[in-house]
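One letter stands for each residue in the lines below.
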Amino acid sequence: MRTIKLLFTTLALAILATGCYTEVIIEDEYIDEPVLNVHALLKSYELWYVDINATSGNGEVPFLQRAFTVSFVGETVFANNNIVGIGKTGNGFGLDVGYFDTANGRLQINHDVDGFWVLEVFVVDNNTIELYDADSRTSYFLEGYQRNNFDYDMVFYDNIEYLLQEYNVWEKVATSVEGTVNDFDGENYLQFYFDGNKSVFNSSLDPTGMHFNDILWDYRGEYSLFDVYNDETLKTLTLDYDFMGNDYFELYVINDSTIELYHSSSGTVYRFKGKGFITYLKSGISQVDRKRTKTQYGTMKVVRKRKI
C-alpha cells in the first residue's frame, strides 16, 4: 500500500507541475532606424572644414590630411589645400581633386593623386560628421559651413603656420616711421618652413626687389608661434637669433599675401608681402607631400601692445 501511495503522490505532483508551466517567449523590440542618406548629408553644406586637431587614429587619409576644406559638388570633390586663395579659388570650393559616389551608404572617393578610398560616414551633431577609414582605423571630423557664413579669419589664425609657409619668401615692403632703431631693421627677407619636426626660418639682409631664387640667406634659426590668452585674433612670433637674442613680434594677417610684424620692444611695424606662391597638389610631386599635422601652440599671457 505504501508503495502505491507514493506512486500516486509522485504522479500528482508531476501533473500539477505540468499544469502550472507556461511558456513565455520574449521577443527583442525591433527599432526601424532610418538609413543615413550620405549623398544628401554631404551636400547639406557647401564647405566641410577639416578639424585636423580632432583627428583620431595612427593612420591617415592623405587628401584629408592635406585639405583645409573639402566640398562635394555634383559628382566632383573639391579641396582647398592652400590657405592662400581660400574663399576665392574655384568660387570658394578650391581645386577639383577627384570624384565621389555614395553607393551602399559609404563615401567612395577616386582622388586624382591618392587613388580610390572607401570611407564610412557618421553624424556627430547638426553640423559635424566623422569620416572613418577602416583600413587605418583613423577618423577625421569635418565641420559644415555655407560659403557665406564660413569664418575665414578663424581659418587663417588657426593655421597661421601654413600661411607663412605658402610663399617661397616674405619681402619687407614697408617700415613704420614710429619706432626706435634696432637690429631687425636691416632684415629684408624671411622664409619659413618645416625641417623634420622643427619650425625653421631664414633671414636675409639683401636689398629688396630681388628674385627669390637669387636671395642669399644670412641666418638660419628656429621660430615659435604662440596663442595669446583671451585674444583669439592675435598670434605672436618669436625668431631665435643667437647673436642678438630672440626677436618677439605681434603677428597680424592683413590679407592672404600680406602680414605685419609689430616689434614690441622698439614700437616698429614691419610689413611683408609674400613672393613665390606655392600651389599644393598642382605644382609637382614635391608639393603634394605637404600635409597638415596636429598643432598645439603654446599660450602667452601678454597684452596686445600695438594700438590699432
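Residues numbered from 1 in each chain as written. Predicted model: local features only at pLDDT ≥ 70, side-chain atom pairs only at ≥ 80, totals over all residues. Heavy atoms only, no water.

By the naming in an unreviewed UniProt entry, the protein is Nicotinic acid mononucleotide adenyltransferase, taken from Arenibacter palladensis.

Chemist: Explain the packing of aromatic side chains here, please?
Modeler: Here the distance between the centres and the angle between the planes together describe a pair of aromatic rings. Using the criterion set out here, one finds 18 aromatic pairs in the structure. Summarising the aromatic geometry, the rings of Phe72 and Phe100 are spaced 5.1 Å apart at their centres and angled 70° between planes, so their arrangement reads as edge-to-face. Placement of the pair is Phe72 in strand S2 (residues 69-73) and Phe100 in strand S4 (residues 95-101), with a sequence separation of 28 residues. Overall, Phe100 belongs to the buried group, its relative accessible area being 5%. Ring centres 5.1 Å apart and planes at 70° place the aromatic pair Tyr145 and Phe150 in the edge-to-face group. The pair Tyr145 / Phe150 is uniform in exposure class, with both members buried. These aromatic residues form a ring-pair network of at least three members: Tyr49, Tyr145, Phe150 and Tyr152. (Phe/Tyr/Trp six-rings, centres within 6.5 Å; stacked < 30°, edge-to-face > 60°. Helix = DSSP H or I, 4+ residues; strand = E, 2+ residues; numbered from the N terminus. Buried < 20%, exposed > 50% of the residue type's maximum accessible area, 1.4 Å probe, protein only.)

Chemist: Is there a simple way to think about empty space enclosed by the protein in this case?
Modeler: If a probe the size of a water molecule is rolled over the atoms, the empty space left behind becomes visible. A complete count under the given rule lists 1 cavity of 30 Å³ or more for this structure. Reported here for the largest cavity is a volume of approximately 50 Å³. Forming the walls of the largest cavity are 10 residues, and the residues nearest its centre are Phe63, Ala79, Asn81, Val97 and His111. Looking at the lining of the largest cavity, the elements that each hand over two or more residues are helix H3 (62-66) and strand S3 (76-80). Per-class residue counts for the lining of the largest cavity are 7 nonpolar, 2 polar and 1 charged. (1 Å grid on protein atoms, 1.4 Å probe; cavity = no way out; pocket = protein on both sides within 12 Å on 5 of 7 lines; lining within 4 Å. Points joined across faces, edges and corners; volume = space filled by probe spheres on them. Nonpolar A, V, L, I, M, F, W, Y, C, P; charged D, E, K, R; others polar.)

Chemist: Looking at this model, I keep getting lost on the layout of surface pockets. Mind explaining?
Modeler: The space that makes up the largest pocket amounts to roughly 480 Å³. The wall of the largest pocket is formed by 26 residues, among which Met154, Tyr157, Asp158, Asp227 and Lys235 lie closest to the centre. Sorting the residues of the lining of the largest pocket by element identifies helix H4 (152-158), strand S12 (219-228) and strand S13 (231-241) as the ones contributing at least two each. Here the element with the most residues in the lining of the largest pocket is S13; it accounts for 5 residues. Residues that form the lining of the largest pocket fall into these classes: 9 nonpolar, 7 polar and 10 charged. The residue makeup of the lining of the largest pocket includes at least three contributed by each of domain 1 (38-150) and domain 2 (161-300). (Domains from an automatic or database assignment.)

Chemist: What should I look at first to understand the pattern of salt bridges in this one?
Modeler: Oppositely charged side chains may form a pair once their charged atoms are brought near each other. Counted by the stated rule, this structure contains 10 salt bridges. A salt bridge links Arg271 to Glu260, with the shortest nitrogen-to-oxygen separation between them at 2.5 Å. Of this pair, Arg271 sits in strand S16 (residues 268-277) while Glu260 sits in strand S15 (residues 258-263), and the two are 11 residues apart along the sequence. With a relative accessible area of 31%, Arg271 lands in the partly exposed category. With a closest N to O distance of 2.8 Å, Arg306 and Glu260 form a salt bridge. Here the residue Arg306 occupies a position in the segment after strand S17 (298-300), and Glu260 occupies one in strand S15, the gap between them amounting to 46 residues. The residues Arg306 and Glu260 share a single accessibility class, namely buried. When salt bridges that share partners are traced, they join Glu260, Arg271 and Arg306 into one network. (Salt bridge = Lys/Arg side-chain N within 4 Å of Asp/Glu carboxyl O.)

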